Amino acid sequence: MGKKFIITIEVDQDAREIVVKDEAGNEHPVKSIMVFGGDAENGVLYLFGWGASADAAWAYKEGFRYAEESGDPPYRNFFKQCACHIVQAIDPEAFRQKVEAGELLVRWEGEDRGKGKWQ
C-alpha cells in the first residue's frame, strides 16, 4: 500500500465555520462541504454534508469548469460519470431509448444543414 494522505475537516457548528486542512498544512475555510464516497460493486455509500447547499453546488460547478478547462483526465472522467448517473437517476430510460435508423438520419441531416459538407 502507498503513502497515506490525510485530510481533516473541522466543522464548528456554533461559529458556522468549516476548515479543510491537508497534510501539507494548508487550510481552506469554506462555507459548505459535501463529502461522498462509494463502492458501487458492493453497494456502499457514504455521505456527509454541512453548510449551504448553494455553496456546495457552486463548488461542484466550479470543479466541473476546472476539469473542462484544465483537461485533467481523472477530473473530466469524474464529472462525465456524474452527469451520466444524474441523468439515469432523473430518467432511468434516458440511455435506453430506441430510434429507427431512418428517423435518426433525418434528424442528423437537419442538424447538419448549413454546417458545410465533407466527403
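Throughout what follows, the structure given in this document is the object of discussion. All values reported here derive from a predicted model rather than from experimental measurement. (Residues numbered from 1 in each chain as written. Predicted model: local features only at pLDDT ≥ 70, side-chain atom pairs only at ≥ 80, totals over all residues. Heavy atoms only, no water.)

## Section: the pattern of salt bridges
- Enumeration according to the criterion identifies 7 salt bridges in this entry.
- One salt bridge connects K61 with E62, and the closest N-O pair in it is separated by 2.6 Å.
- R65 serves as the salt-bridge partner of E69, at 4.0 Å between the closest nitrogen and oxygen. Here E69 and its partner R65 are both found in helix α1 (residues 53-70), 4 residues apart, which amounts to about one turn of the helix.
- On the basis of relative accessibility, which here comes to 64%, the residue E69 falls in the exposed class.
- Several salt bridges share partner residues, and in doing so they unite K61, E62, R65 and E69 into one network. (Salt bridge = Lys/Arg side-chain N within 4 Å of Asp/Glu carboxyl O. Helix = DSSP H or I, 4+ residues; strand = E, 2+ residues; numbered from the N terminus. Buried < 20%, exposed > 50% of the residue type's maximum accessible area, 1.4 Å probe, protein only.)

## Considerations on the pairing of strand β3 (residues 27-30)
- Note that strand β2 (residues 17-22) and β3 share 4 bridges and pair antiparallel. Paired with K21 across the strands is E27, a residue of β3.
- Counting the residues that bridge the hairpin from β2 to β3 gives 4 residues, and of these G25 lies at a positive phi of roughly 90 degrees. (Pairing = 2+ DSSP bridges.)

## Side note on the packing of α1 against helix α2 (residues 73-90)
- Running from N to C, α1 and α2 cross one another at 130 degrees; their axes reach a closest spacing of 8 Å. By the criterion of interaxial angle, the relationship of α1 to α2 is oblique. Once α1 is placed against α2, the crossing between them reads as left-handed. In contact with Y60, G63, F64, Y66, A67 and E68 of α1, α2 contributes Y75, R76, F78, F79, C82 and I86.
- A per-class count over the contact of α1 with α2 returns 9 nonpolar, 1 polar and 2 charged. (Axes fitted to C-alpha atoms, helices over the stretch in contact; angles between N-to-C directions. Parallel < 35°, antiparallel > 145°, perpendicular 65-115°, else oblique. Left-handed = near helix turned anticlockwise from the far one by under 90°. Contact = heavy atoms within 4.5 Å. Nonpolar A, V, L, I, M, F, W, Y, C, P; charged D, E, K, R; others polar.)

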